[in-house]
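Topology and contacts: notes
The residues making up each chain are set out below.
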Amino acid sequence: MFEKIVRARLILIFMVIISTGILAAQEAPPPQYGWKNEIIGNLNLTQASFSNWEQGGENTLAWQVNLTTGFTLDQQKYNWKNSGKFTLGFAKVAGAAARKSSDEINLETVYTRKFNQLLNPFVSATAKTQFLSGFRYPDDTTKVKISKFLDPGYFTQSVGVGYSPNEIVLSRLGFTLKETITSDFPAPFADDPDTPEIEKTKIEPGLSSITDLKKKFAENILLTSRLDVFADFKAFNRIDVLWENDLTFKLTKLVNVNLEYDLLYDRDISKRRQIRQVLSVGLSYTFL
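Given the structure is predicted, the values throughout are model-derived calculations rather than measurements. (Residues numbered from 1 in each chain as written. Predicted model: local features only at pLDDT ≥ 70, side-chain atom pairs only at ≥ 80, totals over all residues. Heavy atoms only, no water.)

Examining the overall build of the protein chain
Regarding its fold elements, the protein chain presents one helix and 14 strands. Per-residue burial over the protein chain gives 36% buried out of 288 residues. Of the contacts made within the protein chain by residues no fewer than 6 positions apart, 54% connect residues no fewer than 24 positions apart. Accessible surface computed for the protein chain: about 17,700 Å², of which carbon and sulfur atoms make up 62%. (Helix = DSSP H or I, 4+ residues; strand = E, 2+ residues; numbered from the N terminus. Buried < 20%, exposed > 50% of the residue type's maximum accessible area, 1.4 Å probe, protein only. Contact = heavy atoms within 4.5 Å. Areas by Shrake-Rupley, 256 points an atom, 1.4 Å probe, with all protein chains shown as cover.)

Topic: the side chain of Asn120
Residue placement: Asn120 occurs in strand E5 (residues 120-129). Setting aside residues up to four positions removed in sequence, Asn120 forms contacts with Thr112, Arg113, Lys114, Phe115, Gly160, Val161, Gly162, Tyr163 and Ser164.

Observations regarding the sheet that holds strand E9 (residues 169-181)
With antiparallel pairing, 12 strands are arranged side by side around a closed barrel as E1-E2-E3-E4-E5-E8-E9-E10-E11-E12-E13-E14. Taken pair by pair, the neighbouring strands of this sheet meet at an average axis angle of 20°, ignoring direction. Pairing of strand E10 (residues 201-218) with strand E11 (residues 221-232) involves 12 bridges; the strand directions are antiparallel. The residue of E11 that forms the bridge with Ile210 is Asp228. (Pairing = 2+ DSSP bridges. Axes fitted to C-alpha atoms, helices over the stretch in contact; angles between N-to-C directions.)

Re the environment of Asp240
You can see Asp240 is positioned in strand E12 (residues 235-250). The contacts of Asp240, once residues within four sequence positions are left out, are Lys178, Asp228, Val229, Phe230, Tyr265, Asp266 and Arg267.

Remarks on the confidence of the model for the protein chain
In the predicted model, the protein chain carries a mean pLDDT of 86, and the fraction of residues at 70 or more is 90%. Confidence, read as mean pLDDT per element, is least for helix H1 (residues 2-25) in the protein chain (51) and greatest for E5 (96). (pLDDT = per-residue confidence, 0-100.)

Thoughts on the nonpolar core
Formed by Leu227, Val229, Ala231, Ile239, Val241 and Tyr265, the largest nonpolar core amounts to six residues. Tallying contributions element by element places E11 first for this core, with three residues. Beyond its immediate stretch of four places on either side in the chain, Ala231 contacts Pro205, Gly206, Leu207, Phe236 and Ile239. (Core = buried A, V, L, I, M, F, W, Y, C linked by side-chain atoms within 4.5 Å.)

A look at unusual backbone geometry
Geometrically, the link from Asp151 to Pro152 is a cis peptide bond, its omega value of 15° lying close to zero. Along the chain, the position of Pro152 falls in the loop between strand E7 (144-147) and strand E8 (153-163). At the junction of Ala187 and Pro188, the peptide bond is cis and its omega measures out at 5° in the coordinates. Phi at Leu150 is positive, roughly 60°, even though this residue is not glycine. With respect to the element layout, Leu150 can be found in the loop between E7 and E8.

Description of the side chain of Asp266
By the secondary structure assignment, Asp266 is in the loop between strand E13 (255-265) and strand E14 (274-286). Leave out the neighbours within four places in its chain, and Asp266 touches Lys178 and Asp240.

A look at the packing of aromatic side chains
For any pair of aromatic rings, the description consists of the separation of the ring centres together with the inter-plane angle of the planes. Scanning all chains against the criterion turns up five aromatic pairs. Ring plane angle 25° and centroid distance 5.6 Å describe the contact between Tyr78 and Tyr111, whose orientation is recorded as stacked. On the criterion of sequence distance, the pair formed by Tyr78 in strand E3 (residues 78-93) and Tyr111 in strand E4 (residues 99-113) is long-range, its members being 33 residues apart. Given a relative accessible area of 24%, Tyr78 falls into the partly exposed group. Tyr111 gets classed as partly exposed once you look at its relative accessible area, which sits at 34%. Centre to centre, the rings of Phe175 and Phe233 are 6.3 Å apart; their planes meet at 55°, and the pair counts as tilted. In this pair, Phe175 is assigned in strand E9 and Phe233 in the loop between E11 and E12, connecting sequence segments 58 residues apart. Judged by relative accessible area, Phe175 falls into the exposed class, the value being 52%. The lysine or arginine in question, Arg99, covers the ring of Tyr137, its NZ or CZ lying 3.7 Å from the ring centre. Sitting over the ring of Phe122, Arg172 keeps its end group 5.5 Å from the ring centre. (Phe/Tyr/Trp six-rings, centres within 6.5 Å; stacked < 30°, edge-to-face > 60°. Lys NZ or Arg CZ within 6 Å of the ring centre and 35° of its normal.)

Some thoughts on the pattern of salt bridges
Applying the stated criterion across every chain, the model contains 11 salt bridges. In this structure, the salt-bridge partner of Lys214 is Glu38, at a minimum N-O distance of 3.6 Å. In this pair, Lys214 is assigned in strand E10 and Glu38 in strand E1 (residues 34-48), connecting sequence segments 176 residues apart. Of the residues examined, Glu38 reaches a relative accessible area of 31% and is grouped as partly exposed. (Salt bridge = Lys/Arg side-chain N within 4 Å of Asp/Glu carboxyl O.)

Regarding the pairing of E14
Of the strand pairs in this sheet, E1 and E14 are connected by five bridges, and their pairing is antiparallel. Across the sheet, Asn42 pairs through a bridge with Ser284, a residue of E14. Summarising the sheet, E13 and E14 pair through 10 bridges and their orientation is antiparallel. Among the inter-strand pairings, Asn258 is bridged to a residue of E14, identified as Ser280.

Below is the structure:
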């Protein structure tokens, strides 16, 4: 039942994104070819302190650093896009030790050969992992290590057809080979519980669909959204879904308000959908 609901919502979201792209294409300016580079850094801080506060409260300190990079070579006959997303954050509550709140390394390269808006073959590769070890906390005094750098690590290679009517919408569909590698923590990332052996690597051939949306609603409001759907050829009833959204309000040249909302459904890791939501105020600086 949940998978049917997910499919229906994904179809609706996909139709809205494509419709937005088609309408925007009618007013798109002439393309400008060449390199388009971008490096943006964010530092978000949250602090709360209490002293003899009768209503109660815990001293809190949280911080998160984000670095987003993009290097794109756009020419009349081809487009080569390289992007990276790096995130690391910690939170400390009262006298407890600081705990990791966010940790991500996400690299992607996509080469697209241009023919027309409806038929653009592409090849792509991605790599995803984390900087530091991750822990689970059964209680206030115990922590259990459950992940680390490249454990797990996710890699994909895709070839297919892309659709890009303008700079707002980029959608592609292709055959994908997805690899998951582990060393010390094969479960639940790579190990198959139905087999007696412990598998530290997992290879999944399948079909993937990725749609990126980057829309500026006003001079100081920017929405970026990515819908990533992967269907394994061996088990089409196990569709992996990752939907990432980031809404940025630019208050001043350096101060931003960010709302992040991520939805993940991967049956191999959990039979329930996973949600991450972050609302933050911080400093933002564009290096390029």
